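Observations on the model geometry
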Amino acid sequence: MHATPSDCGSRVPDRAEKKERTRNRRAADRHPGGSLARRLAIFAVLSVVTLASLVVGRGDAPAAQAAPTPNGYALVQDVTTANIGSMVDFALIPGKPDEAVVVTQGGVVWRVSLTGAFARTEFGNLSGLVRSSSEEGLLSLAFSPNFTGDSRVYVYYTPLATRCAPITRCSRIARMPVVNNDMVEASETVVLDIDQEIAQSNHNGGRLLFGPGGYLYLSIGDGGGAGDPNETGQDINDLLGAMIRINVTGQQTYSIPADNPFVGVAGDDRLWAYGLRNPWRYSFDRVSGDLWMADVGQDAWEEVEKIAKGGNYGWDCYEGNASFEPAGCTSPPSPFIFPRAVYAHTLGCSVTGGYIYRGTVLQEIYGWYVYGDYCSGRIWAVNPADTSNPVQLVDSPYNITSFAELPNGELLVITFQSAVYRLTCAATPDSDGDGHGNACDLDDDNDTFSDASEAVIGTDALDRCADTTTPDDERGPAFGEPVSPWPADINDDRFVDIIGDISKVTGAFAQSVPPAPARYDVAPDPPDRLIDVIGDISRLTGLFGTACVP
């Protein structure tokens, strides 16, 4: 669980006191050549072009948006049957899109309905197996990628001392079968016991998740105690202070993936990354597969980072970007990777990792990494595509223990206040007074141009020309490409024509696109997220033959 800054060993509940509290024009038909007859005639030509060429479809993921509205978000209660104490994890049940399980630190796992169709029911009870004190307990659960066929579930917990023997104190990955929505604890298979090395009850991490390749990942802390007394963070020969990656599918216990970074070289073959202090929560981006993590700090700094294969994240040589214990740190096993974002203990004391937002409601933060703080209740978003500062989304009164991602990409916030909340838009600020908070208002200033495109091209689709001659660069920085400010010119030749531009869009006809700025969606304001005749192609045909004049 979350570590206290001073590592004084207090239970997580004792920390409950909050420290601190795509602008495109609708009037395309006004442009020369924009009559309906002309559009229909050109579309007939386009249909032939499309069938003949079937030019490529859209880029898969849009670039992240401009900065979201600070403090423009709110939390609303969701999954109301999950009014359960000491919740630490939440996992969707495979094959049952409206059901999930909630994990409690004390060891009980509850099955809940996302729609309220049934009252919560007990899914598993490990309370007789776990040691639950301070940061120990049942900490995470992951369903097998083949759960609908093998009915296996994996758990991560701190066992009672007698169950660790001959290890004095351990953390455990175990597998259990599920029969009729009930975990069979008596049929536990121990997959891996990790020696905590010293008799501390903190810095256990950690989370279990299956990655995009089907391997099981675990984040685990440095073993406890202030300042990493056993120097495990920089030790590549143990599993503490690290992210590990193993293959459990079809195995009695586990095997080691051949592409793990330390296979065949010095270091424990099970390691994926190291130099971590107490990595409490992490997630995989459902679009890119990238792994993002929050690592709980010591006395001064909390940090979030993108985790790379074989990466060394600095602890205990560094806490965040600050030197912590320089002795012996001049020649680390591999170069340090510094955090994407940090915050000081004036804003919180224990970071909780979240997700890259891939929902459709909160367009401002599409593609941004969302995370929070257990102590202060603050929630931030940071743009993975650049080095800009994080933006605070909401300052809540809750102790945030985890985040969860719904099937539709919306985000849940798990709290120690016996409630689950959903991240949504606040009513204020509301710049145009239309009753829709800016964070969810596609046109904050009510000038008929959507905010997303207005930020790039102003209030005229033709008022700026392409900033590059690189073809098809509309996908943006997330793909290593600049964003062309003239969306009608798909191939950046400074001219709107059939072959270069319109055929690209017709080639993606009827495909949906994620939230803006997906540059093939040139629909009337607001962007309709569907490439279609009326919204997009007719708009481009209205611009057919137009040259961009710098």
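Anything mentioned here points back to the structure above.
The following paragraphs examine the structure supplied in this document. Given the structure is predicted, the values throughout are model-derived calculations rather than measurements. Along each chain, the written sequence defines residue order, and numbers are assigned to residues from 1. Only residues with pLDDT of 70 or above have their local features reported here, since the model is predicted, and side-chain atom pairs are shown and tallied only from 80 upward, although totals for entire chains, interfaces and linings are computed over all residues. Note that the side-chain values use all heavy atoms of the structure and ignore hydrogens as well as water.

With respect to the overall build of the protein
Each helix is a run of DSSP H or I of at least 4 residues and each strand a run of E of at least 2, with the numbering of both proceeding from the N terminus. Looking only at helices and strands, the protein has six helices and 26 strands in total. Buried, partly exposed and exposed residues are distinguished by accessible area as a fraction of the type maximum, computed with a 1.4 Å probe on protein chains only: under 20%, between the cut-offs, and over 50%, respectively. Of all 550 residues assigned to the protein, the portion counted as buried reaches 59%. Split by element, the accessible area of the protein, about 19900 Å² in all, is 53% carbon and sulfur. Every accessible area reported is derived by Shrake-Rupley at a probe size of 1.4 Å, with residue values counting cover from the shown protein chains alone.

As for the sheet that holds strand S11 (residues 216-220)
Taken in spatial order, the four strands line up as S10-S11-S12-S13 in an open sheet, and their pairing is antiparallel. Either end of the sheet is taken by a strand with one partner, and the two such strands are strand S10 (208-210) and strand S13 (271-274). If you compare each strand with its neighbour and ignore which way they point, the axes differ by 20° on average. Both S11 and strand S12 (residues 242-246) contribute to a ladder of five bridges, which runs antiparallel. The pairing criterion for strands is at least two bridges between them, as found by DSSP. Helix axes use the C-alpha atoms of the stretch in contact, all axes being lines fitted to C-alpha atoms, and the angles between their N-to-C directions lie in the range 0 to 180 degrees.

Side note on the sheet that holds strand S9 (residues 189-195)
Strand order in the open sheet formed by four strands is S6-S7-S8-S9, and the pairing between neighbours is antiparallel. Sheet topology places strand S6 (138-143) and S9 at the edges, where each strand pairs with a single neighbour. When strand polarity is set aside, the average angle formed by the axes of neighbouring strands in this sheet is 15°. Of the strand pairs in this sheet, strand S7 (residues 152-157) and strand S8 (residues 170-177) are connected by six bridges, and their pairing is antiparallel. What sits directly across from Val 155, in S8, is Ala 174.

Overview of the pattern of salt bridges
The term salt bridge refers to a pairing of a side-chain nitrogen on Lys or Arg with a carboxyl oxygen on Asp or Glu at a separation within 4 Å. In the structure shown here, the tally under the stated rule is 14 salt bridges. Two residues, Arg 207 and Asp 89, come together in a salt bridge whose shortest N-O distance is 3.5 Å. In this pair, Arg 207 sits in the loop between S9 and S10 while Asp 89 sits in strand S2 (residues 87-92), placing the two residues 118 residues apart along the sequence. For the pair formed by Arg 207 and Asp 89, the shared burial category is buried. One salt-bridge network, in which partners are shared between bridges, spans Arg 163, Arg 172, Glu 188 and Asp 193.

Observations regarding the environment of Tyr 371
Here Tyr 371 lies in strand S21 (residues 369-373). In this structure Tyr 371 comes out as buried when scored by relative accessible area, which is 2%. C-alpha separation for the pair Tyr 371 and Thr 352, spaced 19 residues apart in sequence, amounts to 6.0 Å.

Observations concerning the environment of Gly 320
Relative to the helices and strands, Gly 320 resides in the loop between strand S17 (318-319) and strand S18 (322-323). Given the relative accessible area of 2%, Gly 320 is considered buried. Sequence separation between Gly 320 and Tyr 343 is 23 residues; the distance between their C-alpha atoms is 8.5 Å. Contact criterion: two residues are considered in contact whenever any of their non-hydrogen atoms come within 4.5 Å of each other. Apart from residues no more than four positions distant in its own chain, Gly 320 is found in contact with Trp 301, Glu 303, Phe 338, Pro 339 and Val 342.

Side note on the packing of aromatic side chains
Here the aromatic set is Phe, Tyr and Trp, taking the six-membered ring for Trp, and pairing holds for ring centres within 6.5 Å; pairs whose planes are under 30 degrees apart are stacked, those over 60 apart are edge-to-face, and all others are tilted. On inspection of all chains with the given rule, the structure shows 17 aromatic pairs. Cluster of aromatic residues (ring-pair linked, three or more members): Trp 292, Tyr 343, Tyr 369, Tyr 371 and Trp 380. Lysine NZ or arginine CZ positioned within 6 Å of the ring centre and within 35 degrees of the ring normal marks a charge as sitting over the ring. Taking NZ or CZ as reference, Arg 111 lies 4.3 Å from the ring centre of Phe 118, over its face. Positioned above the aromatic ring of Trp 280 is the side chain of Arg 281, whose terminal nitrogen or guanidinium carbon lies 3.8 Å from the ring centre.

With respect to the environment of Phe 495
Along the chain, Phe 495 turns up in the loop between helix H4 (451-457) and helix H5 (498-507). Residue classification places Phe 495 among the partly exposed residues on the basis of a relative accessible area of 32%.

As for the state of the cysteines
Criterion for a disulfide: a pair of cysteine sulfur atoms at a distance within 2.5 Å. For the structure shown, the criterion picks out four disulfides. With its sulfur 1.6 Å from that of its partner, Cys 425 forms a disulfide with Cys 440. One disulfide, between Cys 425 and Cys 440, carries an S-S torsion of 70° and so falls in the right-handed class. Separated by 15 residues along the polypeptide, Cys 425 in strand S26 (residues 420-425) and Cys 440 in the loop between S26 and H4 bring together distant segments of the chain. On the basis of relative accessible area, Cys 425 is assigned to the buried category, the value being 16%.

As for unusual backbone geometry
Of the consecutive residues Ala 165 and Pro 166, the connecting peptide bond is found in the cis state with omega at 10°. Examined against the element boundaries, Pro 166 turns out to sit in the loop between helix H3 (161-164) and S8. Of note, the phi angle at Asp 228 is positive, near 55°, even though the residue is not glycine. By the secondary structure assignment, Asp 228 is in the loop between S11 and S12. Judged by its relative accessible area of 0%, Asp 228 is buried.

What to know about the nonpolar core
Joining through side-chain atoms within 4.5 Å is the link that ties buried Ala, Val, Leu, Ile, Met, Phe, Trp, Tyr and Cys residues into a set, and such a set is a nonpolar core. One finds Leu 126, Leu 141, Phe 143, Val 155, Ile 173, Met 183 and Tyr 371 to be the most contacted residues of the largest nonpolar core, which totals 61 residues. Once residues within four sequence positions are removed from consideration, Leu 141 is found in contact with Asp 89, Ala 91, Val 101, Val 103, Val 109, Val 153, Tyr 154, Val 155, Met 183 and Leu 208. Counting residues in each nonpolar core, the second largest holds 23 residues, with Val 391, Val 394, Phe 403 and Val 413 among its members.

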